[in-house]
Amino acid sequence: MSDDTAIGRSLSEEIGYWLESASRTLEKRYGNGVPLAKQDMLLAHYLYGLTAVVHAGDAPAVHLAAVRSYLGRLIPDERVAAALWAVPEAGDAWLENTLDRVEAIGEKQGHALLARGADVVIPFSSRHASAAGSAEPAVIERDPPKEAFSQ
C-alpha cells in the first residue's frame, strides 16, 4: 500500500494496517520455526507499543481493551487471552529481547502515526526509547516490524 493511500486512513485503520503487516512479517519470518504462542506474544507486544502512544493518557484498562480488540481481528479470542497473559519462560533470552525490540518498534511507529495525523503528539516517555531510535516519520520504514523480526 502506498503512502498516498495511508493519508486517507483513520488512525484506527492505520493501526490495523500496521498490525496486519506485523502479522504477515511474523508468518514469513518464522512460519513453523517459532511456536504460535510466541508469535502471538510478539504480535501483542508490537501492538502494545504501537497503541501505547495513542492511549498514553487513558486508564490501563482502556488501553488493554483496545489491544484485545485489535488482536481479536487477527487471532481467535483464546489466543488473544493467552498472548496477553503469557510471560517468557525463565532463560528464554531470545524471546525477552525480541519482545522488547518489537514493543520499541511499535512505540516508534505509534509516535510517527500521531505525528503524521495530529497537530500535537501526546508525550510518552518510554523505557524503550534508545532501542527504537528516532520517532521522526521521515525515518520510519514502510515495514518496521521486519527490523525486529529479522533477528
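I will try to describe carefully the structure that is included in this document. These numbers come from a predicted model, not from an experiment.

**With respect to helix α3 (residues 36–52)**
Phase 1 of the analysis: Its 17 residues place the ends of α3 24 Å apart at the C-alpha level, agreeing with the 24 Å of an ideal helix rising 1.5 Å per residue.
Phase 2 of the analysis: Across the 17 residues of α3, twelve count as buried, placing the element largely inside the fold.

**Points about the pattern of salt bridges**
Phase 1 of the analysis: Overall, the coordinates contain two salt bridges when judged by the stated rule.
Phase 2 of the analysis: The partner of Asp 92 in a salt bridge is Lys 38, and the shortest N-O contact between them spans 2.8 Å. One end of the pair, Asp 92, is in the loop between α5 (77–85) and α6 (93–117); the other, Lys 38, is in helix α3, and 54 residues separate them in sequence.
Phase 3 of the analysis: When its relative accessible area of 13% is taken as the criterion, Asp 92 is described as buried.
Phase 4 of the analysis: The partly exposed category is assigned to Lys 38, whose relative accessible area is 25%.
Phase 5 of the analysis: Between Arg 79 and Asp 40 there is a salt bridge, and its shortest N-O distance comes to 2.8 Å. Note that Arg 79 is positioned in helix α5 and Asp 40 in helix α3, a separation of 39 residues in sequence.
Phase 6 of the analysis: A residue is classified by how much of its surface remains accessible, and Arg 79, at 26% relative accessible area, is partly exposed.
Phase 7 of the analysis: On the accessibility criterion, Asp 40 (5% relative accessible area) is buried.

**A look at the packing of aromatic side chains**
Aromatic ring pairs are defined here through the distance separating the ring centres and the angle between the ring planes.
Phase 1 of the analysis: This model, assessed by the stated rule, comprises two aromatic pairs.
Phase 2 of the analysis: Aromatic side chains Tyr 17 and Trp 18 sit 5.3 Å apart centroid to centroid with 80° between the ring planes, which places their arrangement in the edge-to-face category. Summarising the burial analysis for this pair, Tyr 17 and Trp 18 share the class buried.
Phase 3 of the analysis: Pairing Tyr 30 with Trp 94 gives two aromatic rings, centres 5.7 Å apart and planes at 85°, and the pair type is edge-to-face. Of this pair, Tyr 30 sits in helix α2 (residues 11–30) while Trp 94 sits in helix α6, and the two are 64 residues apart along the sequence.
Phase 4 of the analysis: Classification of Tyr 30 as buried rests on a relative accessible area of 10%.

The rules behind each value
Residues numbered from 1 in each chain as written. Predicted model: local features only at pLDDT ≥ 70, side-chain atom pairs only at ≥ 80, totals over all residues. Heavy atoms only, no water. Helix = DSSP H or I, 4+ residues; strand = E, 2+ residues; numbered from the N terminus. Expected span 1.5 Å × (residues − 1). Buried < 20%, exposed > 50% of the residue type's maximum accessible area, 1.4 Å probe, protein only. Salt bridge = Lys/Arg side-chain N within 4 Å of Asp/Glu carboxyl O. Phe/Tyr/Trp six-rings, centres within 6.5 Å; stacked < 30°, edge-to-face > 60°.

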